Amino acid sequence: MLQHLVYKIKSTGPITVAEYMKEVLTNPVKGYYVHRDMLGEKGDFITSPEISQIFGEVFSQLGSVLKKCDISIHLVEVSQKLSEIQALTLTEEKVPLERDAGSPVYMKGVTKSGIPISWYRDLQDVPKEHSFYVAHEFFDVLPVHKFQKTPQGWREVLIDIDPRVSDKLRFVLAPCATPAEAFIQHDETRDHVEVCPEAGVIIQELSQRIALTGGAALIADYGHDGTKTDTFRGFCGHKLHDVLIAPGTADLTADVDFSYLRRMAQGTVASLGPIKQQTFLKNMGIDVRLKVLLDKSTEPSLRQQLLQGYDMLMNPKKMGERFNFFALLPHQRLHGRSHEINANQSKPSPSPVAGFSELTWQ
């Protein structure tokens, strides 16, 4: 991958950070995500559902209900390796997978609970019907452009070859304005920003789909609300890794700017959040569920595992405040006609939304 990038830069000149991320992560031949399993303790990072069963177990409780519904699952996955792992985890072994590499739907199957499931490489190919979209650690790997404020104005951060070492990469500043500068807000006060046009395109696509056919989107990711500056980093073996060293061997990521996602929705749908994972999971009843599991468990090692997983998800110094939840939903979902009118209000009160509204018992 390094040699490929060196040849590319020699041929065309310095490349954007966005182009670098795209090549390193999704190059069809050498891309980091394309042919390897990077998840879990033996990989480079671990995700919330692996940390604790409490995070994702709610969906398994819905199996008996979902069987009676006309429902299907559609996964957008560019990695062949990860799609195979997903199929192994989710699908019924007795029902053979249908494969067609040349089709927008490159794989089909049936889940263990009997629900049809399909794989796509692009959101555009997913059918436009009433849908609930879940993007968990999806947006943080989309390519970002990096900009630095200089006395001459905004200048994009590019990647070039170090003139002193022929196979070493370095950051440089573009000598003049570049097209992606158009995505920077005119009133921006930070001196360093990261913009992700691809995220904006996806948010607009989701917003239009939800406005047209209903449903909602839940986005869970590392991020901020327009406050952070330089978040571009690499991870290898669960440790921070220099993004320019040994490209293709480490995960590259940048925190999601949720203020940008909100702007890109352009009012087509309502948006909620971002709120911290600690708050979201508390609103979803994680404390109640933990108590139930601890009361049922008699094995000390399992109890310890549950408590450690809970701490990792909820502790503000761990994932509790670093991970955020953000939602898109139709305007009428928040301010529909069917809502009750409070005695002291002339307008309907906002309807509570699971995870974004405080958990109350009635």
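Residues numbered from 1 in each chain as written. Predicted model: local features only at pLDDT ≥ 70, side-chain atom pairs only at ≥ 80, totals over all residues. Heavy atoms only, no water.

Trainee: What is the right way to look at the environment of A182 in this model?
Mentor: The topology assignment puts A182 in the loop between β9 (169-173) and β10 (192-195). Relative accessible area serves as the criterion here: at 68%, A182 is assigned to the exposed category. With 15 residues separating them along the chain, A182 and P197 place their C-alpha atoms 9.9 Å apart. (Helix = DSSP H or I, 4+ residues; strand = E, 2+ residues; numbered from the N terminus. Buried < 20%, exposed > 50% of the residue type's maximum accessible area, 1.4 Å probe, protein only.)

Trainee: How do you make sense of the sheet that holds strand β12 (residues 233-236) when you look at a structure like this?
Mentor: Sheet strands associate in pairs through backbone hydrogen bonding, adopting either a parallel or an antiparallel arrangement. Taken together, the 3 strands give an open sheet; going across it, the order is β13-β12-β14, and neighbouring strands pair in antiparallel fashion. Of all the strands in the sheet, just β13 (239-241) and β14 (251-253) have a single pairing partner and so form its edges. The mean angle between the axes of side-by-side strands here comes to 40°, regardless of whether they run parallel or antiparallel. (Pairing = 2+ DSSP bridges. Axes fitted to C-alpha atoms, helices over the stretch in contact; angles between N-to-C directions.)

Trainee: Before we go on, may I ask you to explain a nonpolar patch on the surface in this structure?
Mentor: On the surface, a nonpolar cluster with roughly 380 Å² of combined accessible area is contributed by V288, V292, L359 and W361. One can find L359 in the segment after α13 (331-334). Residue classification places L359 among the partly exposed residues on the basis of a relative accessible area of 34%. (Patch = residues over 30% accessible without salt bridge, like charges linked within 9 Å, V, L, I, M, F, W, Y side chains within 5 Å. Areas by Shrake-Rupley, 256 points an atom, 1.4 Å probe, with all protein chains shown as cover. Salt bridge = Lys/Arg side-chain N within 4 Å of Asp/Glu carboxyl O.)

Trainee: Please explain the packing of aromatic side chains as it appears in this structure.
Mentor: Each aromatic ring pair is described using two quantities: the centre-to-centre distance and the angle formed by the ring planes. Per the counting criterion, the structure on display carries 7 aromatic pairs. When the centroid spacing of 5.5 Å and the interplanar angle of 75° are considered together, the rings of F280 and F356 count as edge-to-face. Highlighted residues: F280 in helix α9 (residues 277-283) and F356 in the segment after α13, separated in sequence by 76 residues. Taken together, the ring pairs connect Y222, F280, F323, F325 and F356 into an aromatic cluster. (Phe/Tyr/Trp six-rings, centres within 6.5 Å; stacked < 30°, edge-to-face > 60°.)

Trainee: I would appreciate a short explanation of the pairing of strand β8 (residues 153-161) in the present structure.
Mentor: As a general feature of sheets, a regular strand has side chains that alternate between the two faces. Here β8 lies mainly inside the structure; 8 of its 9 residues are buried. Where strand β1 (residues 15-16) lies against β8, 2 bridges are found, and the strand directions are antiparallel. Bridge pairing in β8 links T16 to L158. Sheet topology places strand β7 (residues 145-150) next to β8; 4 bridges connect them, and they run antiparallel. Paired with K149 across the two strands is W154, which belongs to β8. Connecting β7 to the next strand, β8, in antiparallel fashion are 2 residues. Bridge count for β8 against β9 is 5 bridges, and the pairing is antiparallel. Following the sheet pairing, V157 is matched in β9 by L173.

Trainee: Just to check I follow, could you spell out the packing of helix α10 (residues 286-296) against helix α11 (residues 300-314) for this structure?
Mentor: Where α10 meets α11, the axes come as close as 10 Å, and the angle between the chain directions of the two elements is 170°. Here α11 runs roughly antiparallel to α10, going by the angle between their axes. In this structure, α10 uses I286, D287, L290, L293 and L294 to contact α11, whose residues at the interface are R303, L306, L307, Y310, L313 and M314. Taken together, the residues that form the contact of α10 with α11 break down as 9 nonpolar, no polar and 2 charged. (Parallel < 35°, antiparallel > 145°, perpendicular 65-115°, else oblique. Contact = heavy atoms within 4.5 Å. Nonpolar A, V, L, I, M, F, W, Y, C, P; charged D, E, K, R; others polar.)

Trainee: Could you clarify how one ought to interpret the nonpolar core in this entry?
Mentor: One broad trend across soluble globular proteins is that nonpolar side chains are buried collectively. Residues Y20, F139, L261 and L328 are the most contacted members of the largest nonpolar core, which totals 46 residues. Within the residue set of this core, elements represented by two or more residues are α1 (2-12), α2 (17-26), β6 (131-136), β8, α7 (197-213), β11 (215-224), α8 (258-265) and β17 (323-329). If we skip the residues at most four places from it in the chain, F139 touches A199, I202, I203, I219, D221, V256 and L261. Counting residues in hydrophobic clusters, the runner-up holds 25 residues, among them I54, F325, L329 and F356. (Core = buried A, V, L, I, M, F, W, Y, C linked by side-chain atoms within 4.5 Å.)

Trainee: Would you mind going over the pairing of β11 with me for this structure?
Mentor: For β11, the buried fraction is high: 9 of the 10 residues fall into the buried class. Pairing geometry for β11 and β17, over 6 bridges, is antiparallel. Looking at the pairing, D221 lines up with N324 of β17. Where β11 and strand β15 (residues 256-257) come together, 2 bridges link them in parallel fashion. Residue G223 lies in a different strand from β15, and its bridge partner there is V256.

Trainee: Would you mind going over the pattern of salt bridges with me for this structure?
Mentor: A side chain of one charge can pair with a side chain of the opposite charge if their charged atoms are brought near each other. One pass over the structure, following the stated rule, counts 16 salt bridges. Linking E19 and K8 is a salt bridge whose minimum nitrogen-to-oxygen distance equals 3.1 Å. Placement of the pair is E19 in helix α2 and K8 in helix α1, with a sequence separation of 11 residues. Among the salt bridges present, the one from E194 reaches K146, with a minimum N-O distance of 2.8 Å. Taken as a pair, E194 in strand β10 and K146 in strand β7 lie far apart in primary sequence, 48 residues in all. In this pair, the class of E194 matches that of K146, namely buried. When salt bridges with common partners are traced through the structure, they connect K8, E19 and E23 into a single cluster.

Trainee: Any chance you could explain the sheet that holds strand β2 (residues 73-76) here in plain terms?
Mentor: The strand order β2-β5-β4-β3 describes an open sheet built from 4 strands, whose pairing is mixed. Either end of the sheet is taken by a strand with one partner, and the two such strands are β2 and β3 (98-99). Inspection of the sheet shows strand β4 (residues 105-110) paired to strand β5 (residues 116-120) by 5 bridges, in the antiparallel sense. Residue G109 lies in a different strand from β5, and its bridge partner there is I117. Along the sheet, helix α6 (residues 80-90) makes contact with β2, β3, β4 and β5, crossing β4 at roughly 15°.

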